[in-house]
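Summary of structural features
Listed below are the residues making up each chain.
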Amino acid sequence: MADKGEERDGVKLTNLDQELFEGAGATKRDLVDYLDAVSNRFLPVLRDRPLSVIRLLRGQDKFMQKNLPKYTPDWVPRTAVWADSSHREVTYGLCNDRRTLLWFGNQRAIEYHPALMLAGTHSPTHLIMDLDPPEGGAFELAVKAARLVREALKSANMAGAVKTSGAKGVHVFVPLDGKADPEEVAAATRAVAARAERLDPELTTTAFIREDRHGKVFLDATRAGGATVVATYSPRVRPGCPVSFPLAWDELDDVKPSDFTLHTALDRLGDKDPWAAEMPEPQALDPGLVEEGRTIPIARVQAMHEGKRRAKARREAS
């Protein structure tokens, strides 16, 4: 049985033998043990980034937490960020050390979604492409799309690292030199998606509206600005508790997302940190991508207008 008084690094750990969620195949102890064991590789991708987490309390539905709760210990690092959408200041946690990570784990924070910019800065550290296969689509389709993204980046003399999303897709991260603003990075991301789509329009699409994708891999170019992306090494609230796992490009054909779980990821890692090893050096954002991207409509805005147009057409037709 769990010892209610068990502590690590000054953090009192509770209810460790409870199941994380139905279908997890893991307990809260498994989560805390995993976070502790991977902390030296996990903390560098979280450090100094305003952190949103997905928590799942016993008997409740999962929820995303941005604002730190009032009972958060004083020693948890934090930063205040103005949220335009809600017109208020949000106090985010900064997961900068093992003690804080253990505290989040004890709070049943299962997924970790850091901001794309460091606290107090306004320059995204990465250009990110999220490759989402269609419903029921195989992981292999996302892998093929990731290779198209790699080709599109190469056309701009840029390079990135790749990881499983921990769900069914793939993420490509391109490290930047910190000199580009969010609008420039967003434009460049749209251009990378458009170039990848042109390479194989039968496989991929940039259509933001789901019904317009027609069974193709969605090249999601919206991970920019104030967006978040699940962190490398983060567990996911999905059956079997998979983990977002970094890979070398030549490993993609030999794996599937379910290979990397709360129980298996550490054995696959050994003493290595493949995310740090595979990540290229920070690079300048290609001006040609920015220029091209500025001619491409912003997907969410375009989708909103198109949705209104279609709704009006349906009303008129009826």
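Above this text sits the structure in question.
Presented here is an overview of the structure given in this document. Note on numbering: residues in each chain are counted from 1, in written sequence order. pLDDT decides what is reported in this predicted model: residues at 70 or higher carry local features, side-chain atom pairs at 80 or more are listed and counted, and totals for whole chains, interfaces and linings draw on all residues regardless. The side-chain values count all of the structure's non-hydrogen atoms but skip hydrogen atoms and water molecules.

**Quick word on the sheet that holds strand β12 (residues 217-220)**
This is how it is decided: By the convention used here, strands pair only if DSSP detects at least 2 bridges between them. Each helix corresponds to a stretch of at least 4 residues labelled H or I by DSSP, and each strand to a stretch of at least 2 residues labelled E; elements are numbered beginning at the N terminus.
Spatial strand order, β11-β12-β8-β10-β9-β13: six strands in an open sheet with mixed pairing. The sheet terminates laterally at β11 (204-205) and β13 (246-247), the two strands that pair on one side only. Where strand β9 (residues 161-164) and β13 come together, two bridges link them in antiparallel fashion. Across the sheet, the residue bridging to Lys163 is Pro246, located in β13.

**What to know about the pattern of salt bridges**
Cut-off, in case you're wondering: Salt bridge, as applied in this entry: a Lys or Arg side-chain nitrogen positioned within 4 Å of an Asp or Glu carboxyl oxygen. Only protein chains enter the calculation, and the probe is 1.4 Å; a residue is then buried if its accessible area is under 20% of its type maximum, exposed if over 50%, and partly exposed in between.
A complete count under the given rule lists 17 salt bridges for this structure. The shortest N-O distance in the salt bridge between Asp33 and Arg8 comes to 2.5 Å. With Asp33 in helix α1 (residues 28-46) and Arg8 in strand β1 (residues 7-8), this residue pair connects regions lying 25 residues apart in the sequence. With a closest N to O distance of 3.0 Å, Arg198 and Glu292 form a salt bridge. Of this pair, Arg198 sits in helix α4 (residues 182-199) while Glu292 sits in helix α7 (residues 287-293), and the two are 94 residues apart along the sequence. Take Arg198: its relative accessible area is 55%, and that puts it in the exposed class. On the basis of relative accessible area, Glu292 is assigned to the buried category, the value being 19%. Among the charged side chains, a salt-bridge network with shared partners connects Glu6, Arg8, Asp9, Asp17, Arg29, Asp33, Asp36 and Arg98.

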